Amino acid sequence: MATQRTLSIIKPDATRRNLTGKINAKFEDAGLRIVAQKRIKLTMEQAGKFYEVHAERPFYGELCEFMASEPVVVQVLEGEDAILKNREVMGATNPADAAPGTIRAEFAESVGENSVHGSDAPDTAAEEIAYFFSGLELVG
Ligand code: CDP
Ligand code: MG
């Protein structure tokens, strides 16, 4: 096992319902450290570029509109096996399939408005972190 960093986003459905602290507690309880964090409002262009990998999927337009609709909290989580660990804490994409106790089981409203994003692999984690944070903002 190695220390990793992963990119997390608390999505607009969760910031709107004032759930940032409750979600952060789930990360910290799982041993993930929030080593960088900021609250921003994405433009449609920024959301579109972030989710470019899904550009051909039927939900892409709706997803980008949702992500640009209200503020999000972007964050870097650090810990042992942080990428996989974060995916476990998040739960399945569709909250109906998410394991009890996971963020999506407890907080997500639907498969689209599902409270959190998490990187899925080391290469995407590095790209996604660099999309939102400069080296100077990552002090460990
Ligand atoms: O976020 P995650 O990696 O679990 O799922 P994804 O397959 O990478 O999809 C990215 C995001 O697109 C999801 O988190 C949902 O917000 C959205 N999505 C959707 O609206 N409808 C689907 N059928 C699948 C994903
Ligand atoms: Mg994904």
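Novice: Looking at this structure, I do not really get the site of ligand 1. What am I missing?
Specialist: Close to ligand 1 lie Lys11, His54, Phe59, Leu63, Arg87, Thr93, Arg104, Val111, Gly112 and Asn114. Here an oxygen atom of ligand 1 sits 3.0 Å away from a polar atom, N or O, in the side chain of Lys11. Measuring from an oxygen atom of ligand 1, one finds a side-chain N or O atom of Asn114 at 2.9 Å. Relative to its unbound accessible area of 510 Å², ligand 1 is 78% covered by the protein chains.

Novice: How should the pattern of salt bridges be read in this particular structure?
Specialist: Pairing is possible between side chains that carry opposite charge, provided their charged atoms lie close to one another. Enumeration according to the criterion identifies 8 salt bridges in this entry. Between Arg16 and Glu113 there is a salt bridge, with the nearest N and O atoms lying 3.6 Å from each other. Of this pair, Arg16 sits in helix 1 (residues 12-16) while Glu113 sits in the loop between helix 6 (103-107) and strand 4 (116-118), and the two are 97 residues apart along the sequence. Judged by relative accessible area, which is 42%, Arg16 ranks as partly exposed. Judged by its relative accessible area of 28%, Glu113 is partly exposed. A salt bridge links Lys26 to Glu106; the nearest nitrogen and oxygen atoms lie 2.9 Å apart.

Novice: How should the side chain of Asn114 be read in this particular structure?
Specialist: For Asn114, the position within the fold is in the loop between helix 6 and strand 4. In this structure, Asn114 is in contact with Lys11, Asp13, Thr93, Arg104 and Ala108, ignoring residues within four places of it in sequence.

Novice: Just checking my understanding: could you explain the packing of aromatic side chains for this structure?
Specialist: By convention here, two paired aromatic rings are described through the distance between centres and the angle between planes. Summed over the entire model, instances satisfying the criterion amount to 4 aromatic pairs. Plain terms: the ring middles of Phe50 and Phe132 are 5.5 Å apart, the flat faces sit at 45 degrees to each other, and that makes the pair tilted. Residue Phe50 is found in helix 3 (residues 44-50), and its partner Phe132 is found in helix 7 (residues 122-132); the two are separated by 82 residues along the sequence. Here Phe50 matches Phe132 in class, with each residue buried. Here Tyr131 and Phe132 contribute two aromatic rings whose centre-to-centre distance is 4.9 Å and whose plane-to-plane angle is 85 degrees, an arrangement assigned as edge-to-face. The class for Phe132 is buried, based on a relative accessible area of 10%. Ring-pair connections join several aromatic residues into one group, and the members of that group are Phe50, Tyr51, Tyr131 and Phe132.

Novice: Help me understand the environment of Met90 in this model?
Specialist: Looking at the element boundaries, Met90 is found in helix 5 (residues 82-90). When sequence neighbours within four positions are dropped, the list of residues in contact with Met90 reads Thr102, Ile103, Arg104, Val116, His117 and Gly118.

Novice: Can you walk me through the pairing of strand 3 (residues 72-80) in this structure?
Specialist: A large share of strand 3 lies buried, amounting to 8 of its 9 residues. The pairing of strand 1 (residues 3-10) with strand 3 spans 8 bridges and is antiparallel. Across the sheet, residue Ile9 finds its bridge partner in strand 3, namely Val74. Looking at chain direction, strand 2 (residues 33-40) and strand 3 are connected through 7 bridges and run antiparallel. Bridge assignment links Gln37 to a residue of strand 3, and that residue is Gln75.

Novice: Looking at this structure, I do not really get helix 2 (residues 20-29). What am I missing?
Specialist: Given 3.6 residues to a turn, an α-helix orients residues that are three or four positions apart in the same direction. By the burial criterion, the buried members of helix 2 are Thr20, Ile23, Asn24, Lys26 and Phe27. Burial along helix 2 is one-sided: seen end-on, the buried residues are contained in an arc of 150 degrees. Of the exposed residues in helix 2, those oriented more than 90 degrees away from the buried face are Gly21, Lys22, Glu28 and Asp29.

Cut-offs used in this document
- Residues numbered from 1 in each chain as written.
- Chains lettered and ligands numbered in written order.
- Predicted model: local features only at pLDDT ≥ 70, side-chain atom pairs only at ≥ 80, totals over all residues.
- Heavy atoms only, no water.
- Near = heavy atom within 4 Å.
- Polar contact = N/O pair within 3.5 Å; in protein donor to acceptor, adjacent residues only side chain to side chain.
- Areas by Shrake-Rupley, 256 points an atom, 1.4 Å probe, with all protein chains shown as cover.
- Salt bridge = Lys/Arg side-chain N within 4 Å of Asp/Glu carboxyl O.
- Helix = DSSP H or I, 4+ residues; strand = E, 2+ residues; numbered from the N terminus.
- Buried < 20%, exposed > 50% of the residue type's maximum accessible area, 1.4 Å probe, protein only.
- Contact = heavy atoms within 4.5 Å.
- Phe/Tyr/Trp six-rings, centres within 6.5 Å; stacked < 30°, edge-to-face > 60°.
- Pairing = 2+ DSSP bridges.
- Arc of directions from axis to C-beta.

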